[in-house]
Amino acid sequence: MKHNFVLVDFENVQPQNLGLLKAGPFHIKVFLGASQSRITLELARALQEFGSDAEYVQVTGNGSNALDFHIAFYIGRLSAAHPDADFTIVSKDTGFDPLVRHLATLGIACRRVKAVTDIGQVKATVIAAPRTPAKTTARAPARSPAKAARNVTVTVLQEPSGPAPKPARKAAPRAGPASGTKAASKPAPARVEEVLARLAKLKTARPGTLKTLSSSLLSWFKPAINEVELAALLAHLARTGKIKVSGTRVSYKLD
C-alpha cells in the first residue's frame, strides 16, 4: 500500500484537528522545537488514535531553521526507503516551497499546506472528480513542466492505493530536462568525498546530533550550500550506510 507521510512543523503550526486524517492511510510525524516540551491534551489524544503511525520528533538545540533541516532530512530518508510515497508538509513557512519544487523534478510527490484541513479539502475534491481516461493519461508527457508537476500530486491523491496513479507519477521526470534530472537526485561526488574525508579526520570528535552535523556541513563549504543540497548530502550518507540517525542522534560507519 502507498505510504502517505504528513510532516507537521509544530513550531509554525499547532494543529488541533489531526483526527480528520484518521480515515486515510496517513503516517504522521510531528516535529517539535527544542523549547516545545508540552503539547495540548487534544493533540495527544488525536495522535494516540494513529498508534504506531504517529511519531514525535523533537529537535535538540536551538538554531536557525534547525527544525526545517530535520523535515528535509526525513523526507530524503523516507523517499529513499519508499520511492512511491507521498509527502505533505503542514507549515505556513514558504521557505519549504523551493524544496517542494525541487522534489517535483525528481518525481517525488510533495506539497506544503497551511493547515490540516487543507489536506482533507484537496483530497475530497479530487476523489469526487471522475477517473481520468487512459488515453488522457497517455498524453500527459506532452504537457508543459508546470502542468505535469501539478498532475503528479492530483493523481496520487485521487487513488492512494490504486494502480492508476503510477503512469502519472512518471510524467514529472519526463517533463523536465533529460540531462539534469538524474544529476540533481544525487549530491556531487566531490562534495561527498570532502564530507567523508573531514568526518574521518574528526574520529571521536564527530558531530553527535543531526543538528550539529547539519551545521558542520553548512560551514565546510564556501560558498555555503543551500538547504536542498544539505538534504541531498544527508540522505546520501544515510542511504549508503555512512551515518545512522536514531531520533536526533547520529552514529557513523566510515571504515
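Residues numbered from 1 in each chain as written. Predicted model: local features only at pLDDT ≥ 70, side-chain atom pairs only at ≥ 80, totals over all residues. Heavy atoms only, no water.

### Some words on the overall build of the chain
A tally of helices and strands in the chain yields 12 helices and seven strands. Taken over 255 residues, the chain has a buried fraction of 43%. At a minimum sequence separation of 6, the contacts of the chain that also span at least 24 residues come to 66%. If you sum the accessible surface of the chain, you get close to 13300 Å²; carbon and sulfur atoms cover 55% of it. (Helix = DSSP H or I, 4+ residues; strand = E, 2+ residues; numbered from the N terminus. Buried < 20%, exposed > 50% of the residue type's maximum accessible area, 1.4 Å probe, protein only. Contact = heavy atoms within 4.5 Å. Areas by Shrake-Rupley, 256 points an atom, 1.4 Å probe, with all protein chains shown as cover.)

### Describing the confidence of the model for the chain
Low-confidence regions, as indicated by low pLDDT, have predicted coordinates that should not be scrutinised in detail. Averaged over every residue, the pLDDT of the chain is 74; residues scoring 70 or more account for 73%. In the model, residues 122-184 has pLDDT below 50 throughout and makes 65 contacts with residues more than four positions away in sequence or in other chains. (pLDDT = per-residue confidence, 0-100.)

### What about the pairing of strand S5 (residues 109-113)?
Counting buried positions over the five residues of S5 gives five, a clear majority of the element. Neither face of S5 is open: one carries Ala-109, Arg-111 and Val-113, the other Cys-110 and Arg-112, and all of them are buried. Where strand S4 (residues 86-90) meets S5, five bridges bridge the pair, whose relative direction is parallel. Paired with Thr-88 across the two strands is Arg-111, which belongs to S5. For the crossover that starts at S4, traverses helix H3 (residues 97-105) and ends in the parallel S5, the hand is right-handed. (Pairing = 2+ DSSP bridges. Right-handed = clockwise from strand over helix to strand, strands pointing away.)

### Here we look at the side chain of Thr-209
Secondary-structure assignment places Thr-209 in the loop between helix H10 (189-202) and helix H11 (210-220). A relative accessible area of 12% places Thr-209 in the buried class. In contact with Thr-209, other than residues within four places in its own chain, are Thr-60, Thr-248, Arg-249 and Val-250.

### Focus: the environment of Asp-84
With respect to the secondary-structure elements, Asp-84 resides in the loop between helix H2 (66-81) and S4. Along the backbone, Asp-84 and Lys-2 are 82 residues apart, and their C-alpha atoms lie at a distance of 6.6 Å.

### Re H10
Over its 14 residues, H10 runs 20 Å from end to end, which matches the ideal 20 Å to within 8%, given 1.5 Å per residue. Listing the buried residues of H10 in full gives Val-192, Val-195 and Leu-199. Here the buried residues of H10 occupy an arc of 65° about the axis, which is enough to place them on one side. With respect to the buried face of H10, the exposed residues turned more than 90 degrees away are Pro-189, Ala-190, Glu-193 and Lys-201. If you follow the buried residues of H10, they end up packed against H11, helix H12 (227-239) and strand S7 (249-252). Lys-203 occupies a position one or two residues after H10 and carries a positive phi of about 50°. (Expected span 1.5 Å × (residues − 1). Arc of directions from axis to C-beta.)

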